[in-house]
Amino acid sequence: MSFYEYGQTEEYLLSLVDNSGPPGPEDVAAEAEKFGAPIVSRTGAQLLKTLMHALRPRRILEIGTAIGYSALVMLLSSSAQLYTIDFDEAALERARRNFRRYGVEKRVRILSGDASLVLPMVEGEFDFVFLDGPKGRYYEYLPYIIDLLPRGGVLLADNVLYSERMSGGREIPKSKQTIADRLAIFMRDVTSDPRLVTSVLPVGDGMSLSVKL
């Protein structure tokens, strides 16, 4: 099951990912597909894995836990402490089980609730932030995330091309126009904020990669 429509470039990138083995726990990816839980694409997971080895973060903040797949990709590829935010208690219960099963539960702190309410209460700095929550809320989260990043800290945001809708490759239906409009605000802000340098990558459903100056 795919939540997003990928093109030929993604198919090629997937073939390269397969050459280097699965980027994350395959059983959790299969669980997500079975229960209809959206997770990061395989190519996105491979990028996460690569960044973990390159950056060696000590503290990670994730917005959008789902059943814990992307968190496990990061935890199994680093020695970091991870804080993860989500409001879906049923998904979080699955995530907790998955964290216990992989023996990483002591390195995870789950913050249950709406990220717009939780983020203002989060303290300390995070070397790496993975933004994978509701796309229409990204622009609300960005000011808090920038404040939580130290100089040299990295933000990776998923689904920023919205199945090619943001680039004009697909028509935006009326039911999705508000999300697209709000995502456009985030894209404008994350690429123009003088505190960040940002690249947008055609990986999976699109990912923006930012470093705080």
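Caption draft 1: Layout of the overall build of the chain. Per the secondary structure count, the chain includes eight helices and seven strands. Looking at the chain residue by residue over its 213 residues, the buried ones come to 49%. For the chain, contacts bridging at least 24 residues in sequence account for 68% of all contacts bridging at least 6. Just so you have it, the chain exposes about 10,300 Å², and 52% of that area is on carbon and sulfur atoms. Considering the chain, the positive charge centre built from 25 side chains and the negative charge centre built from 28 side chains are found 4 Å apart.

Caption draft 2: Highlighting a nonpolar patch on the surface. A cluster of nonpolar side chains, namely Val197, Val211 and Leu213, defines an oily patch on the protein surface of about 250 Å² accessible area. The residue Val211 is located in strand 7 (residues 207-212) in this model.

Caption draft 3: Just the sheet that holds strand 5 (residues 154-158), in detail. With mixed pairing, seven strands are arranged side by side in an open sheet as 3-2-1-4-5-7-6. Because the sheet does not close on itself, it has two edges, and the strands there are strand 3 (108-112) and strand 6 (196-201). Strand after strand, the sheet turns through a mean of 15° between neighbouring axes, direction not considered. Sheet topology note: the strand 4 (residues 128-131)/strand 5 ladder contains four bridges and is parallel.

Caption draft 4: Structural detail: the environment of Gly153. Structurally, Gly153 can be placed in the loop between helix 7 (138-148) and strand 5. For the pair formed by Gly153 and Val129, sequence separation is 24 residues and the distance between their alpha carbons is 8.1 Å. When sequence neighbours within four positions are dropped, the list of residues in contact with Gly153 reads Asp127, Ser210, Val211 and Lys212.

Caption draft 5: Summary view of the side chain of Lys212. With respect to the element layout, Lys212 can be found in strand 7. Asp147 provides the closest opposite charge to the buried, unpaired Lys212, separated from it by 5.3 Å. If near-sequence neighbours (up to four positions away) are discounted, Lys212 is found in contact with Ile146, Asp147, Leu149, Pro150, Arg151, Gly152, Gly153, Arg195 and Leu196.

Caption draft 6: Expanded view of the environment of Arg56. Here Arg56 is to be found in the loop between helix 3 (42-55) and strand 1 (59-63). Sequence separation between Arg56 and Ser79 is 23 residues; the distance between their C-alpha atoms is 7.7 Å.

Caption draft 7: Geometry of the pattern of salt bridges. Applying the stated criterion across every chain yields a total of twelve salt bridges. Note that Asp127 and Arg58 form a salt bridge whose closest N and O atoms lie 3.7 Å from each other. Of this pair, Asp127 sits in the loop between helix 6 (115-118) and strand 4 while Arg58 sits in the loop between helix 3 and strand 1, placing them 69 residues apart in sequence. In this structure, a network of salt bridges that share partners links the residues Glu89, Glu93, Arg96 and Arg100.

Caption draft 8: Local environment of the pairing of strand 3. Here strand 2 (residues 81-86) runs beside strand 3; their pairing, made up of five bridges, is parallel. Directly across from Thr84, in strand 3, lies its bridge partner Ile110. Since strand 2 and strand 3 lie parallel, the crossover through helix 5 (residues 89-101) that links them has a hand, and here it is right-handed.

Caption draft 9: Quick peek at the layout of surface pockets. Approximately 500 Å³ is the volume found for the largest pocket. Around the largest pocket sit 27 residues that line it, and Pro38, Gly64, Asp86, Asp132 and Gly133 are the ones nearest its centre. Elements that contribute at least two residues to the lining of the largest pocket include exactly helix 4 (69-76), strand 2 and helix 5.

Caption draft 10: Structural detail: helix 2 (residues 26-35). Listed in full, the buried residues belonging to helix 2 are Val28, Ala29, Glu31 and Ala32. Buried residues of helix 2, seen end-on, are gathered within an arc of 160° and therefore sit on one face of the element. Contacts from the buried residues of helix 2 go to helix 4 and helix 5. Backbone geometry just downstream of helix 2 places Gly36 in the positive-phi region, at approximately 70°.

Reading the values: the criteria
Residues numbered from 1 in each chain as written. Predicted model: local features only at pLDDT ≥ 70, side-chain atom pairs only at ≥ 80, totals over all residues. Heavy atoms only, no water. Helix = DSSP H or I, 4+ residues; strand = E, 2+ residues; numbered from the N terminus. Buried < 20%, exposed > 50% of the residue type's maximum accessible area, 1.4 Å probe, protein only. Contact = heavy atoms within 4.5 Å. Areas by Shrake-Rupley, 256 points an atom, 1.4 Å probe, with all protein chains shown as cover. Lys, Arg positive; Asp, Glu negative; His and termini not counted. Charge placed at Lys NZ, Arg CZ, Asp CG, Glu CD. Patch = residues over 30% accessible without salt bridge, like charges linked within 9 Å, V, L, I, M, F, W, Y side chains within 5 Å. Salt bridge = Lys/Arg side-chain N within 4 Å of Asp/Glu carboxyl O. Pairing = 2+ DSSP bridges. Axes fitted to C-alpha atoms, helices over the stretch in contact; angles between N-to-C directions. Right-handed = clockwise from strand over helix to strand, strands pointing away. 1 Å grid on protein atoms, 1.4 Å probe; cavity = no way out; pocket = protein on both sides within 12 Å on 5 of 7 lines; lining within 4 Å. Points joined across faces, edges and corners; volume = space filled by probe spheres on them. Arc of directions from axis to C-beta.

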